[in-house]
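Structural overview
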Amino acid sequence: MEAVGQIKAIDLKDEKPQPAQKIWKHKHILDLDDFSPSEIDLVMQTTEAMHEILSRPIKKVPTLRGKTVVTLFYEASTRTRSSFELAAKNLSADISNLTVSSSSVTKGESLIDTLETIEALGADIVVMRHPYSGAPNLASKHVKASIINAGDGWHAHPTQALLDMYTMLKHKNSIKNLKVTIIGDIIHSRVAHSNIWSLTKMGAEVTICAPSTLLPKGMDNPQPYFPKVNVTTDIDKAIKGADVVMGLRLQLERQQSGLLPSIREYSRLYQITEERLSKADNDVIVMHPGPVNEDVEIASTVAHGDKSVINEQVTNGVAVRMALFYLLAGGSHNE
Amino acid sequence: MNKSMLIKNSRIIDPSQDLDVIGDLLITDGKIKEIAPDVKKIPTDCTILDAKGMIVCPGFVDFHCHLRQPGFEEKETIATGSKAAAKGGFTTICCMPNTDPALDNKATIDFIKATSALEACIRVLPIGCITKGRKGLELADMGELAEAGVVALSDDGSTIADSRIMKQALEYSLIFGLPISDHCEDAMLSNGGQINEGIIATRLGLRGIPNAAEENVIARDIGLAKLTGARIHICHISTEGSVELVRNAKKDGVRITAEVTPHHLTMDEEMVLDFDTNAKVNPPLRTKKDIAALISGLKDGTIDIIAIDHAPHTDNEKLCEFAIAPFGISGFETALGSLMKLVHNRDIEISLLISKLTAMPAKIIGSKFSKLGTLKQGAAADITIFDPDAEWTVDTKDFYSKGKNTPLNCHKLKGRVMATIFNGKVVYKDKSVKLGVKA
């Protein structure tokens, strides 16, 4: 695609990752709040190279041969986990999957103990999903392996935000000044949080839209702790002129906790419908991290319509995660 | 230990008698004997402590701490907690009843008293429960608790959610004149919240605790105190709105007192930015604006006392995901050093700080137990000696408390307790302090 023409070629024929990326400073990927724009750029460029590998008949390179990746999931996940697994396999890493029931977290099984065990098994990279915010931050302080946050509580989901940005770049010239509207359960959404960080760092104009009970607190004066974005409860205003409209999964239990009167009312007021979408930019793309509650947060006709890039997001997820593995391994190779 | 002791050349501050002089203080037989610019008649064998450049004041009195015994001895015991308190300059501490079993009857109070007599190096005064088992359902036998020697009643850690029970507790407490000390938190509203509700909670993806969770219950308690004429004491107030509520209630003649902790006075919500579970405390650390309001409340008398809410936990309990870590900060050994920041920054006068740690809490406890928080002649020689300018770095490895849970580890503080004297006996002394003896 010409849209990402500025991406530099990265030579992947070498068996070992090259220490060329001096801008890359990360040992762990916990959130995007500490990523510089040039690091995000580098991830995008590396992802483009990985994307090229995925289009080959044999999608396998030896970059991570001899490295061990362990996935540690305290929450059920199909997409994210298999995306990481495929990414690791494409790079020839050894991969082992560990599922821990989230109930064991509260039963005194210490996260640190589990991580120490994983490390004793020789893990170089631990991909971690956890129901509690900050669990990967804790983990990163106690193990030598690199930690990749695959989603923690309401806090962050950095790899999702990076694949979202890559998908946007595949369709738009640049992130700068791009009008991105995120609609839905923002306060409980790690996807929204990480997207707000990465998009604002790259100069996008972000609008968040939700019923007031699902909007994050403190957004009238968020700096320096959080980026400044437009906040509205008016979905029509939020969508008007948008280049990207992103829906979020609504957890259906939000109704029971009194945050919403009913799912029916939510759909009526906040569903991304064809009619509402007609007010967006003509070339608008529609995104969703999945899995979609069809006809709740997004009309099925929109989710499957010609503006939807939801399936592309899934494909791009593998490429982004390959890029991140590659960059992390390169970092450790430098040491 | 010699029967007499002379503390020389110090600045003696005793807010109970508006005293601020440079001079000597003589102790004999465990009591304050004399304060004079230069004590001439020194008994033989008198221990001499040269306290030049230091401040000598009544021993600190803490109205709110957790000694964890019985039931949670892995976190703290009466022996270790009192030792930590002595190191922090405290000579009297009041322990909260959220132990296991809870301190809701005479037997448990007797246990605290007996254990303290044997193992505590300072005075420990128990606080009894308001309701049986701290369940908020039925009143504890307050008469029995009063006779057993509790200084107040509290279900600290929980609020009595049922306003009718709270009203009756206040009414019933009138018989004994004991204050009801309330942990004010609308638990339905705080709803498992972790830190202050606001932008930091948004950034970290943690559930917030709104100010109103505290303020709603304070407003209710004020209404009930007004209705019943009983004494209400508000624990650890943390918000600007709470200060305003208490201020107005005092103007209105309600019998209300309030406390604030060193951590709420000196640290804001930024302390949790790195998911530091050692800064997880309830009520949560709030904003700079709240801190300014708390300081002004301290100055105008809205907030009567500084209480530590020393809440020790084990390392293991705090070494976990933020959401499942227990609330609480181990506070005795950093209290003075943190609070002196307010003096060094010229937010408050040193005499005001000392008053909030001595004469004022003594006033809330009352004279039933002994004459506390004063250096008046004849009073028990409970004395704190501190160097207001000594800089030091907090190292939790040096803590006497079992609880190393403080966000201040490795922080530099200015102001250090050099010696603590209880009933005329040195119960804590910094390594640098040398005692001499008059031949």
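Residues numbered from 1 in each chain as written. Chains lettered and ligands numbered in written order. Predicted model: local features only at pLDDT ≥ 70, side-chain atom pairs only at ≥ 80, totals over all residues. Heavy atoms only, no water.

Description of the overall build of chain B
For chain B, the count of helices and strands is 14 helices and 19 strands. By the compact-globule yardstick of 22 Å for 439 residues, chain B fits well, its C-alpha radius of gyration being 21 Å. A buried classification covers 62% of the 439 residues belonging to chain B. Taking the average place of the 53 positive charges on the side chains of chain B and the average place of its 58 negative ones, the gap between the two points comes to 5 Å. (Helix = DSSP H or I, 4+ residues; strand = E, 2+ residues; numbered from the N terminus. Rg over C-alpha atoms; globule rule 2.2 N^0.38 Å. Buried < 20%, exposed > 50% of the residue type's maximum accessible area, 1.4 Å probe, protein only. Lys, Arg positive; Asp, Glu negative; His and termini not counted. Charge placed at Lys NZ, Arg CZ, Asp CG, Glu CD.)

Things to note about the environment of Val100(A)
Residue and element names in this part refer to chain A. Secondary-structure assignment places valine 100 in the loop between strand S2 (94–99) and helix H3 (103–106). Residue class for valine 100 comes out buried when judged on its relative accessible area of 12%. Once the C-alpha coordinates of valine 100 and leucine 72 are considered, the two residues, 28 residues apart in sequence, prove to be 7.3 Å apart.

Things to note about the packing of helix H1 (residues 78–87) of chain B against helix H2 (residues 106–119) of chain B
All names here are of chain B. The interhelical angle for the contact between H1 and H2, taken along N-to-C directions, is 60°, at an axis separation of 9 Å. Between H1 and H2, the crossing angle belongs to the class labelled oblique. In this structure, H1 crosses over H2, and the sense of that crossing is right-handed. For the pair H1 and H2, the contacting residues are Ile78, Ala79 and Ser82 in the first and Ile112, Thr115, Ser116 and Glu119 in the second. (Axes fitted to C-alpha atoms, helices over the stretch in contact; angles between N-to-C directions. Parallel < 35°, antiparallel > 145°, perpendicular 65-115°, else oblique. Left-handed = near helix turned anticlockwise from the far one by under 90°. Contact = heavy atoms within 4.5 Å.)

Overview of the packing of aromatic side chains
Residue and element names in this part refer to chain B. Enumeration over the complete set of coordinates arrives at nine aromatic pairs over all chains. Judged by centre distance (5.5 Å) and plane angle (70°), the rings of phenylalanine 60 and phenylalanine 90 are edge-to-face. Residue phenylalanine 60 is found in strand S6 (residues 60–65), and its partner phenylalanine 90 is found in strand S7 (residues 90–95); the two are separated by 30 residues along the sequence. Grouping aromatic residues by their ring pairs yields a cluster made of Phe60, Phe90, Phe332 and Phe386. The ring of tyrosine 400 is capped by lysine 87, whose NZ or CZ atom sits 5.0 Å from the centre of that ring. In this structure, arginine 416 packs its charged tip against the face of tryptophan 392, placed 5.1 Å from the ring centre. (Phe/Tyr/Trp six-rings, centres within 6.5 Å; stacked < 30°, edge-to-face > 60°. Lys NZ or Arg CZ within 6 Å of the ring centre and 35° of its normal.)

A look at helix H7 (residues 190–201) of chain A
Residue and element names in this part refer to chain A. With 12 residues, H7 extends 17 Å between its outermost C-alpha atoms, agreeing within 8% with the 16 Å of an ideal straight helix rising 1.5 Å per residue. Of all 12 residues in H7, 10 are buried; the element is thus mostly enclosed. By the burial criterion, the buried members of H7 are Arg190, Val191, Ala192, His193, Ser194, Asn195, Ile196, Trp197, Ser198 and Leu199. The residue sitting at the N-terminus of H7 and contributing the capping side-chain oxygen is serine 189; that oxygen lies 3.3 Å from the backbone nitrogen of valine 191. Among the residues trailing H7, glycine 203 stands out with phi positive, at a value near 90°. (Expected span 1.5 Å × (residues − 1). Polar contact = N/O pair within 3.5 Å; in protein donor to acceptor, adjacent residues only side chain to side chain.)

Topic: the interface of chain B and chain A
A common way to report how large an interface is uses the accessible area buried once the components associate. Taken together, the 21 residues of chain B in the interface contact 26 residues of chain A. Taking both sides of the interface into account, the surface hidden between chain B and chain A amounts to around 1,900 Å²; carbon and sulfur atoms contribute 65%. Together, Ile199(B), Arg203(B) and Glu321(B) form the three largest contributors to the area buried by chain B at its contact with chain A, with a combined 35%. Inspection of the chain B/chain A interface yields two salt bridges. The shortest N-O distance in the salt bridge between Asp274(B) and Lys141(A) comes to 3.2 Å. Between chain B and chain A we count eight residue pairs in polar contact (both at pLDDT 80 or more) in total. Tallying contributions element by element places helix H6 (residues 199–204) of chain B first for the side of chain B that touches chain A, with five residues. Looking at side-chain class alone, the side of chain B that touches chain A contains 11 nonpolar, three polar and seven charged residues. (Buried area = accessible area lost by both parts, 1.4 Å probe. Salt bridge = Lys/Arg side-chain N within 4 Å of Asp/Glu carboxyl O. Nonpolar A, V, L, I, M, F, W, Y, C, P; charged D, E, K, R; others polar.)

Observations regarding the packing of helix H8 (residues 240–251) of chain B against helix H10 (residues 288–299) of chain B
All names here are of chain B. In contact at an axis separation of 8 Å, H8 and H10 are set at 25° when each is read in the N-to-C sense. It follows from the interaxial angle that H8 and H10 lie roughly parallel. Crossing angle aside, the handedness with which H8 passes H10 is left-handed. Two secondary-structure elements touch here, H8 through Glu240, Val243 and Arg247 and H10 through Lys289, Asp290, Ala293, Leu294, Ser296 and Gly297. For the contact of H8 with H10, the residue count by class is three nonpolar, two polar and four charged.

Quick look at the domain arrangement of chain A
Residue and element names in this part refer to chain A. Segmenting chain A into domains produces domain 1 (19–156 + 315–329) and domain 2 (158–312). Contact residues are listed per partner, giving 33 residues for domain 1 and 26 residues for domain 2. Interface area for domain 1 against domain 2, summed over the two sides, is near 2,500 Å², with a carbon-plus-sulfur share of 63%. At the boundary of domain 1 with domain 2, the tally comes to two salt bridges. Residue arginine 190 pairs with glutamate 75 through a salt bridge whose shortest N-O separation is 3.0 Å. Remark: the boundary between domain 1 and domain 2 carries 13 residue pairs in polar contact (both at pLDDT 80 or more). The set of elements that each furnish at least two residues to the side of domain 1 that touches domain 2 consists of helix H1 (37–54), helix H2 (79–90), strand S3 (125–130), strand S4 (146–152) and helix H12 (310–334). With eight residues, H1 is the single largest residue contributor to the side of domain 1 that touches domain 2. Looking at the side of domain 1 that touches domain 2 residue by residue, the class counts come to 14 nonpolar, 10 polar and nine charged. (Domains from an automatic or database assignment.)

A closer look at the pairing of strand S3 (residues 31–36) of chain B
The sheet contact formed by strand S2 (residues 19–28) of chain B and S3(B) spans five bridges and is antiparallel. Within S3(B), the residue paired with Thr28(B) across the bridge is Lys31(B). (Pairing = 2+ DSSP bridges.)

Some details on helix H9 (residues 263–270) of chain A
Residues and elements named next belong to chain A. Of all the residues in H9, the buried ones are Ile263, Tyr266, Ser267 and Tyr270. Looking straight down H9, one finds that the buried residues subtend no more than 100° of arc, so they occupy a single side. Turned more than 90 degrees off the buried face of H9, the exposed positions are Arg264 and Arg268. Buried residues belonging to H9 abut strand S5 (179–183), strand S6 (205–209), helix H8 (235–239) and helix H10 (274–277). (Arc of directions from axis to C-beta.)

Observations regarding the sheet that holds strand S1 (residues 68–73) of chain A
Residues and elements named next belong to chain A. Across the sheet, four strands lie side by side as S2-S1-S3-S4; this open sheet has parallel pairing. Edge positions in the sheet fall to S2 and S4, since each of these pairs with one other strand and no more. The average angle at which neighbouring strand axes cross in this sheet is 15°, direction not considered. As judged from the six bridges shared by S1 and S2, these two strands associate in the parallel manner. If you follow valine 69 over to S2, its bridge partner there is isoleucine 95.

Overview of the confidence of the model for chain B
Per-residue pLDDT for chain B averages 96, and the proportion of residues at 70 or more is 99%. Interface confidence for the predicted complex, given as ipTM, is 0.91, next to a pTM of 0.94. (pLDDT = per-residue confidence, 0-100.)

A short note on the nonpolar core
Judged by nonpolar contacts, the single largest core of 112 residues is most densely connected at Trp24(A), Val127(A), Met168(A), Ile175(A), Ile182(A), Ile208(A) and Phe325(A). Among the elements that line this core, the one with the most residues is H12(A), at 12 residues. Three or more residues apiece are contributed to this core by two domains, here domain 1 (19–156 + 315–329) and domain 2 (158–312) of chain A. Once residues within four sequence positions are removed from consideration, Ile182(A) is found in contact with Ala192(A), Asn195(A), Ile196(A), Val206(A), Thr207(A), Ile208(A), Cys209(A), Met246(A) and Leu248(A). Counting residues in each nonpolar core, the second largest holds 74 residues, with Ala84(B), Ala120(B), Val150(B) and Val254(B) among its members. (Core = buried A, V, L, I, M, F, W, Y, C linked by side-chain atoms within 4.5 Å.)

Some details on the pattern of salt bridges
Evaluated as defined, the whole model comprises 32 salt bridges over all chains. We note a salt bridge from Arg203(B) to Asp33(A), for which the minimum N-O separation is 2.8 Å. Taken together, the positions of Arg203(B) in helix H6 and Asp33(A) in the segment before H1 put the pair across two chains. Relative accessible area serves as the criterion here: at 19%, Arg203(B) is assigned to the buried category. Asp33(A) gets classed as partly exposed once you look at its relative accessible area, which sits at 22%. Notably, a salt bridge pairs Lys8(B) with Asp38(B), separated by 3.8 Å at the nearest N-O pair. With Lys8(B) in strand S1 (residues 4–14) and Asp38(B) in the loop between S3 and strand S4 (47–50), this residue pair connects regions lying 30 residues apart in the sequence. One network of salt bridges, in which partners are shared, links Lys8(B), Asp24(B), Asp38(B) and Lys40(B).

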